[in-house]
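Here are the chains, one letter per residue:
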Amino acid sequence: MKQLTRAEEEIMQHLWSLKKASVKEVIALFPKQKPAYNTVSTIIRILETKGFVAHEKAGKGYLYYPIISKESYSKQSAQKLVEGYFQGSFKSMISYFTKNKDISVSDLEDILKEINTKNK
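Residues numbered from 1 in each chain as written. Predicted model: local features only at pLDDT ≥ 70, side-chain atom pairs only at ≥ 80, totals over all residues. Heavy atoms only, no water.

What about the overall build of the protein chain?
Of regular secondary structure, the protein chain possesses 6 helices and 2 strands. The C-alpha radius of gyration computed for the protein chain amounts to 18 Å, which surpasses the reference 14 Å derived for 120 residues by more than 25%, pointing to a less compact arrangement than a globule. Within the span of the protein chain, comprising 120 residues, buried residues form 23% of the whole. Considering only residue pairs separated by 6 or more positions, the protein chain has 45% of its internal contacts joining residues 24 or more positions apart. (Helix = DSSP H or I, 4+ residues; strand = E, 2+ residues; numbered from the N terminus. Rg over C-alpha atoms; globule rule 2.2 N^0.38 Å. Buried < 20%, exposed > 50% of the residue type's maximum accessible area, 1.4 Å probe, protein only. Contact = heavy atoms within 4.5 Å.)

Below, the structure is given as structure tokens:
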């Protein structure tokens with residue numbers, strides 16, 4: 001699966017939340033500084049080329065929808081992060097965040113509970 005640019009990922013986040021939307025509906029989800037219609041349209045077409053988005057005809061326009069799930073992309077991105085920065089070790093990643101105080105003891109306990117639940 002290909003990696004997305006930051007702009008592409010932002011558009012995908014909106015499409016994942018909307019499920020199916022026109023370019024105008026995607027633009028409406030942006031905060032105060034709205035991107036240009038042509039910019040969003042171009043990015044969505046790039047996402048189609050990359051195999052992340054498909055479309056269907058709706059009146060005079062199109063509705064776009066994700067064909068890659070957010071969960072699937074998140075899993076692949078997390079794996080790439082772990083492999084690229086932590087030599088493939090989740091332990092190294094957790095250790096890094098613990099040392100930098102980016103993760104609390106409470107969070108670690110919650111993670112352990114999830115691991116224990118999945119291993120039963």
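Let us keep going from here.
Regarding the pattern of salt bridges
Applying the stated criterion across every chain yields a total of 2 salt bridges. Notably, a salt bridge pairs Glu8 with Lys50, separated by 2.7 Å at the nearest N-O pair. Here the residue Glu8 occupies a position in helix 1 (residues 6–18), and Lys50 occupies one in the loop between helix 3 (37–49) and strand 1 (53–58), the gap between them amounting to 42 residues. Owing to a relative accessible area of 6%, Glu8 belongs among the buried residues under this scheme. Taking relative accessible area as the criterion, Lys50 reaches 25% and is therefore assigned partly exposed. A salt bridge links Glu56 to Lys20; the shortest N-O distance between them is 3.1 Å. Residue Glu56 is found in strand 1, and its partner Lys20 is found in the loop between helix 1 and helix 2 (23–28); the two are separated by 36 residues along the sequence. (Salt bridge = Lys/Arg side-chain N within 4 Å of Asp/Glu carboxyl O.)

Here we look at helix 3
With 13 residues, helix 3 should reach 18 Å at 1.5 Å per residue; the first-to-last C-alpha distance of 19 Å fits that figure. Buried within helix 3 are the following residues: Val40, Ser41, Ile43, Ile44 and Leu47. Along the axis of helix 3, the buried positions cluster into a sector of 165°, meaning they face one direction only. Of the residues in helix 3, the exposed ones pointing more than 90 degrees away from the buried face are Asn38 and Thr49. In this structure, the buried residues of helix 3 make contact with helix 1, helix 2, strand 1 and strand 2 (61–66). Just downstream of helix 3 lies Gly51, where phi reads positive at about 85°. (Expected span 1.5 Å × (residues − 1). Arc of directions from axis to C-beta.)

A short note on the packing of helix 1 against helix 3
As a packed pair, helix 1 and helix 3 sit with axes 10 Å apart at the nearest point and diverge in direction by 90°. What the angle tells us is that helix 1 and helix 3 run roughly perpendicular. Where helix 1 abuts helix 3, its residues Ala7, Glu8, Ile11 and Met12 lie against Val40, Ile43, Ile44, Ile46 and Leu47. By residue class, the composition of the contact of helix 1 with helix 3 is 8 nonpolar, no polar and 1 charged. (Axes fitted to C-alpha atoms, helices over the stretch in contact; angles between N-to-C directions. Parallel < 35°, antiparallel > 145°, perpendicular 65-115°, else oblique. Nonpolar A, V, L, I, M, F, W, Y, C, P; charged D, E, K, R; others polar.)

Here we look at the nonpolar core
Among the nonpolar cores identified, the biggest contains 18 residues, and Ile11, Met12, Leu15, Val26, Ile44, Leu47 and Val53 are the most heavily contacted of them. Elements that contribute at least two residues to this core include exactly helix 1, helix 2 and helix 3. Contacts of Ile11, omitting those with residues within four sequence positions, involve Val26, Phe30, Val40, Ile43, Ile44 and Leu47. (Core = buried A, V, L, I, M, F, W, Y, C linked by side-chain atoms within 4.5 Å.)

Regarding the packing of aromatic side chains
Remark: the centre distance and the inter-plane angle together describe each pair of aromatic rings, the angle taken between the planes. For the coordinates displayed, the defined rule picks out 6 aromatic pairs. Note on Phe52 and Tyr73: the rings are 5.7 Å apart at their centroids and 75° apart in plane angle, and the pair reads as edge-to-face. Within this pair, whereas Phe52 is found in the loop between helix 3 and strand 1, its partner Tyr73 is found in helix 4 (residues 70–85), the two being separated by 21 residues in sequence. Here Phe52 matches Tyr73 in class, with each residue buried. For the pair Tyr62 and Tyr64, a centre-to-centre distance of 6.4 Å together with 50° between the ring planes defines the contact as tilted. Tyr64 gets classed as buried once you look at its relative accessible area, which sits at 8%. Taken together through their ring pairs, the aromatic side chains of Trp16, Phe52 and Tyr73 make up a single cluster. Across from the ring centre of Tyr65, 5.4 Å away, lies the NZ or CZ of Lys20, which sits over that ring. (Phe/Tyr/Trp six-rings, centres within 6.5 Å; stacked < 30°, edge-to-face > 60°. Lys NZ or Arg CZ within 6 Å of the ring centre and 35° of its normal.)

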